[in-house]
Amino acid sequence: MDGLFTAAGGVPDGDRVSAAAPTVWSCSLAGPLECELDDPPPPELVAAVAESVAAATAVEATRPPDARALLPDTLWSFDAAGGLSVPVAFGPDGPVTLRFDDDTVHALVGGQAGSGKSTLLLDVVYGLAARYAPEQLRFHLLDFKEGLEFAQFAPRADDPFVLPHADTVGMDSDREFGVAVLRHVRAQMQRRALAMRAVGARDLRGLRAAQGGAGWPRILVVIDEFQVMLTPLDAVSREAVSHLEALARQGRAYGIHLLLASQTLSGIDALDATAGKRGSIFGQFALRIALRTSISESRVLLSTTNEAAGALAGVGEAIVNRRNGHPAGNEFVRVAYPTPAVLTSLRASLAGAGAGAPGAPGRPGPRVFVGHAPAILDDNQLYRSLAGTPVPVERAERAGAADAAALEGSPDGSGATGGADSGDGADAAGTAEPLALVGVPLDLHPAAVGVRLSPLPGRNLAVLGPLRREATGVLQAAVVSVAGQDAPGGVRVDIVAVTAETTQAAEVLAGRVRAVGQSARVHPPAALRRVLREVSDEVRDREETALAGAAGGPWPGDRSYERFARPVRLLVLFAADAGRAVLEAKEPPARRSGLDDLRFVTRRGPGQRVHLLGWWRGPGRLLDDLGPMHRDDVGAWVAVGVPASDLFSLAGNRSVTAGTGPNRAVLFDRNGYAEARTIVPFSPLPAQAEPSAAVAGDPRHDQESWRRLPG
């Protein structure tokens, strides 16, 4: 109140009032008062107190707010029918909540390294997982940088925790795997569209209401460093743009939301090279969160007139904008920090609740993909399911589709794939051919891919390239998996280690084949010519027997009979091109060479269930050994460390866009795949493998041995 206290006698402004001279002060509420003022504090004390307060304020300003206060009191107490909401930060008026609903369908997050972007993403994922049950919300989590923030949501050797809401967890992901996830989510959107049409619903809320509120959870796709998928401009990035645009424009009605994060949105090839795509996609992202970044990036992330993010200085400081980046919508916030203690407690609660949730025991775990991790055959789900019979088509080529439908939880089965699978009656009857597994696809399913060794022309497999580790793993996996798909004694394997350094790999392979009850022999380099002659002679003998017809035998076209009457014979060559000099020599008197036998086996062997599986250290060497008239006799190959340009002729004069390199390979099969595809090749088998670590569920192996299997 102005003039509440006044000094009688009118003390001039700025004059120092001495404590020695009493002063009479008057107050509007009382009469005159005599006051004696103390001496002012020393300047040194004033400066010290001010510095202490400033230091404490600075420390508090840099301390991120605790995320504990943002978590719900009761786990899974929210309903996702109308949308998702999660508090992740604090603003001037308290907690700041992000919403994924009809108004703010998708979110865009940007910030330079060290700005707190990863912390914000963890706040979103953990916060939503605490508020909504797995039946209400499903996650697809992809990280395209080398960090492993999302690793905590998937099981590890030292931590079995699994986020019960996660369908996909990708770390250090390949672009192809990211596109496969988007393709999968888009397929889910199409299934929801069909279900809505069937019940006359206009959105997810109506669909859930029509089916009693059961099933159809909301889907949130979180992609960190998403721009990696869109650079460079090629077939992969074009497909990614197509899926992102469809999900961004149509996801609202189907309960599908995108959260895209990046350090930079500038210079994205696939968006800049296509007119209108940047606006078509990002125009659907009303919710934008900008952490510390440059002024130029602030203009790209928020809007061309919004430079607010360029003025942020502290870690965790952010601008939240719910108006497509318009400056009038800026909210200054500080992102909450989930301490290790908070996360430990929350993870324990989620694990306990997830184990007791309805349907938890049968719920499929997340598809975990780690870009730099090797593919281990013994850990592979499809390989471990072998039980002495060939892998049915519906379990190999379409494995995972049933899981996808189950995750939708459609009460009326609209997401089921039974109609498609049931068409393979022949496979269900057990007449599928052995599938030689070679690696893991950069896809959500199946768990492994391979080559069918059927009695048709060209059903041989070549591994091509200089990468010995990858080539050895592919060859070993192919042979061992075939051996595990037949009854004991149903497969005979001859292995020739053409170079000395491949001898150990050949011995390990033979041991694993014998462990499943099949015959296996390892031959030294000098025996290459003799083994080829023997196999060639056996092919001729089988042909003559088939033509003559065995007495009392069934009709020659009965392939199921052939499987048991004639064991599948595999000729396995390690570093086959190293034996070229031996193969070129002609033997008197028929002047028959090893190359002649090799070409005869590749041409006529598959029809008699004799297949060649070999490793050549370059595609040109394979072509030289086969000759111009026999190139189509090897209809499937896996390339390791071979430039795409060198694979043109082998791929039927088609360009190969898939890439090879360490821990990557290209699979091409004329009968199985329309285009070459990138895979993660299986790693070499361990030298001291457990003899029982071959086929899970096979009665030929004792139960105690199976307890030692990894995974």
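Predicted, not measured: the structure shown is a model, and the values here were computed from it.

1. Quick word on the overall build of the chain
Here is step 1: Check the secondary structure of the chain and you find 22 helices and 26 strands.
Here is step 2: Looking at the chain as a whole, 52% of its 711 residues are labelled buried.
Here is step 3: Of the accessible surface of the chain, which amounts to about 30,100 Å², a share of 55% is contributed by carbon and sulfur atoms.

2. Looking at the packing of aromatic side chains
Here is step 1: For the structure shown, the criterion picks out seven aromatic pairs.
Here is step 2: Their ring planes at 55° and their centres at 5.1 Å tell us that Tyr126 and Phe153 sit as a pair that is tilted. In this pair, Tyr126 is assigned in helix H2 (residues 117–131) and Phe153 in the loop between strand E7 (137–143) and strand E8 (166–171), connecting sequence segments 27 residues apart. Judged on exposure class, the residue Tyr126 and its partner Phe153 are both buried.
Here is step 3: Geometrically, the ring pair formed by Phe282 and Phe285 is edge-to-face, given 6.1 Å between the ring centres and 80° between the ring planes. You'll find Phe282 and Phe285 in the same group, each marked buried.
Here is step 4: Members of the aromatic cluster, each reached through a chain of ring pairs, are Tyr126, Phe150 and Phe153.

3. Examining the side chain of Glu543
Here is step 1: In this structure, Glu543 sits in helix H17 (residues 528–548).
Here is step 2: Assessed through its relative accessible area of 16%, Glu543 is described here as buried.
Here is step 3: At 2.7 Å, the side chain of Glu543 and the side chain of Arg604 are in polar contact.
Here is step 4: For Glu543, the contacting residues outside a window of four places in its chain are Phe600, Arg604 and Gln608.

4. What about the sheet that holds strand E10 (residues 256–262)?
Here is step 1: One open sheet accounts for eleven strands, arranged E5-E4-E13-E12-E11-E6-E10-E9-E7-E8-E14; its pairing is mixed. Each edge of the sheet is formed by a strand with only one pairing partner; in this case those strands are strand E5 (94–100) and strand E14 (367–370). Direction aside, neighbouring strands of the sheet carry axes that sit 25° apart on average.
Here is step 2: Bridging between E7 and strand E9 (residues 218–224) involves seven bridges; their strand directions are parallel. Residue pairing in the sheet places Phe139 in a bridge with Leu220 of E9.
Here is step 3: Strands strand E4 (84–91), E5, strand E6 (107–110), E7, E9, E10, strand E11 (287–291) and strand E13 (330–335) of the sheet are contacted by H2, whose axis makes an angle of about 135° with E4.

5. Considering the nonpolar core
Here is step 1: Residues Ile223, Phe226, Leu230, Val493, Leu570, Val572 and Val638 are the most contacted members of the largest nonpolar core, which totals 105 residues.
Here is step 2: Sorting elements by how many residues they give to this core places helix H3 (residues 175–199) first, with ten residues.
Here is step 3: When near neighbours in sequence (up to four residues on either side) are disregarded, Ile223 contacts Leu142, Phe144, Leu182, Met229, Leu259, Leu260 and Ala261.
Here is step 4: Trp76, Leu84, Leu128 and Val222 belong to the second-largest nonpolar core, a separate cluster that totals 48 residues.

6. Topic: the confidence of the model for the chain
Here is step 1: For the chain, the average pLDDT comes to 85, and 83% of its residues sit at 70 or higher.
Here is step 2: Under a pLDDT of 50 for its full length, residues 399–407 has, in the predicted model, 18 contacts with residues more than four places off or in other chains.
Here is step 3: Taken together, the stretch residues 689–711 has pLDDT below 50 and engages in 52 contacts with residues farther than four places along the chain or on a different chain.

Conventions used here
- Residues numbered from 1 in each chain as written.
- Predicted model: local features only at pLDDT ≥ 70, side-chain atom pairs only at ≥ 80, totals over all residues.
- Heavy atoms only, no water.
- Helix = DSSP H or I, 4+ residues; strand = E, 2+ residues; numbered from the N terminus.
- Buried < 20%, exposed > 50% of the residue type's maximum accessible area, 1.4 Å probe, protein only.
- Areas by Shrake-Rupley, 256 points an atom, 1.4 Å probe, with all protein chains shown as cover.
- Phe/Tyr/Trp six-rings, centres within 6.5 Å; stacked < 30°, edge-to-face > 60°.
- Polar contact = N/O pair within 3.5 Å; in protein donor to acceptor, adjacent residues only side chain to side chain.
- Contact = heavy atoms within 4.5 Å.
- Pairing = 2+ DSSP bridges.
- Axes fitted to C-alpha atoms, helices over the stretch in contact; angles between N-to-C directions.
- Core = buried A, V, L, I, M, F, W, Y, C linked by side-chain atoms within 4.5 Å.
- pLDDT = per-residue confidence, 0-100.

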